[in-house]
Amino acid sequence: RSYKGKNLNEINSSFARAEQVLPLLHIFLAILLISAQFCAIFCIRFYEKFSISIDKILNFIAFYEKIFFVLFGCLALSGIFMSRNSFIDPMINAIFVTKWVCAIFIFINFIYMHYEISLLKKALQNGDNNQNSDFLAIITKYFTPLNIVVCFICVYLGFVIKDIA
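Only a predicted model underlies this, so the values are computations on that prediction, with no experimental measurement involved.

Asks: An account of the overall build of the protein is requested, with residue identities and associated values reported.
Replies: Across its full length, the protein carries five helices and two strands. Each helix and strand of the protein, placed in order from N terminus to C terminus, yields the pattern β-β-α-α-α-α-α. Looking at the protein as a whole, 35% of its 165 residues are labelled buried. A sequence separation of at least 24 residues applies to 77% of the contacts in the protein between residues at least 6 apart. When the accessible surface of the protein is totalled, it reaches about 10700 Å², and 67% of it is carbon and sulfur.

Asks: Describe in detail the packing of aromatic side chains, supporting the description with residues and values.
Replies: For any pair of aromatic rings, geometry is given as the distance between the ring centres together with the angle between the planes. Per the stated rule, a full pass over the model turns up 13 aromatic pairs. Ring plane angle 90° and centroid distance 5.2 Å describe the contact between F69 and F110, whose orientation is recorded as edge-to-face. Pair noted here: F69 is in helix α3 (residues 54-82) and F110 is in helix α4 (residues 90-125), with a separation of 41 residues, a long-range link. Taking the relative accessible area as the measure of exposure, F69 reaches 35% and is therefore partly exposed.

Asks: Before we move on, could you go through α4 and cite the residues and values that matter?
Replies: Here α4 contains 36 residues, and its C-alpha end-to-end distance of 52 Å stays within 8% of the 52 Å for a straight helix at 1.5 Å per residue. In the segment just after α4, G127 is the residue with positive phi, at about 85°.

Asks: I'd like a rundown of a nonpolar patch on the surface, residues and numbers included.
Replies: On the surface, a nonpolar cluster with roughly 320 Å² of combined accessible area is contributed by V21, L25, F28 and L32. For F28, the location among the structural elements is in helix α2 (residues 18-50).

Asks: A description of the side chain of E65 should follow, citing residues and the corresponding values.
Replies: Positionally, E65 belongs in helix α3. For the buried E65, no salt bridge is present, and the opposite-charge side chain at shortest range is K121, 5.2 Å distant. Every residue in contact with E65, bar those within four places of it in the chain, is listed here: F110, H114 and I117.

Asks: Residues and numbers for the side chain of T140, please.
Replies: Positionally, T140 belongs in helix α5 (residues 132-164). Assessed through its relative accessible area of 1%, T140 is described here as buried. Residues within four places of T140 in sequence aside, it is in contact with I41, I44, R45 and P145.

Asks: Can you explain the environment of A103? Please cite residues and give values.
Replies: Within the secondary structure layout, A103 lies in helix α4. With relative accessibility at 15%, the residue A103 sits in the buried group. On a C-alpha basis, the gap between A103 and L75 in space is 9.8 Å, while along the polypeptide they are 28 residues apart. Look past the residues within four positions of A103 in its chain and what remains in contact with it is F72 and C154.

Definitions and cut-offs
Residues numbered from 1 in each chain as written. Predicted model: local features only at pLDDT ≥ 70, side-chain atom pairs only at ≥ 80, totals over all residues. Heavy atoms only, no water. Helix = DSSP H or I, 4+ residues; strand = E, 2+ residues; numbered from the N terminus. Buried < 20%, exposed > 50% of the residue type's maximum accessible area, 1.4 Å probe, protein only. Contact = heavy atoms within 4.5 Å. Areas by Shrake-Rupley, 256 points an atom, 1.4 Å probe, with all protein chains shown as cover. Phe/Tyr/Trp six-rings, centres within 6.5 Å; stacked < 30°, edge-to-face > 60°. Expected span 1.5 Å × (residues − 1). Patch = residues over 30% accessible without salt bridge, like charges linked within 9 Å, V, L, I, M, F, W, Y side chains within 5 Å. Salt bridge = Lys/Arg side-chain N within 4 Å of Asp/Glu carboxyl O. Lys, Arg positive; Asp, Glu negative; His and termini not counted.

Take a look at the structure:
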């Protein structure tokens, strides 16, 4: 079958090439990751403002951790697949390495946030309810906003790489 002189298989395959789909997927995953972090900040602050049960907020945080790991892992994989070509320009290499260092920083920062959450769970098991706001404040006022800023830096570096390459 043909359409205007082209084989339909050629037309259909042009919509499914990896060099077209991967950047879209990568940008979509970055948007979801940043949105999930904003959502975590707002939900935890909502808990603090309206004194919702700590069990509900811990369930939300557990769900957020799973979402973060899935999105971050998929984002890293799509970044690896998009960067399969070795870059000849040393400037692009430097930007690429900087982007991965930022990604590693985000991951380490999130691991520390997970550690803080586990300390909160231990404090609650020991009956210490006074430390809730301290642990949650550290997460919502320092670490999650820092991750968001570094995510935006990574997005910017991605656009710089795209413009140079």
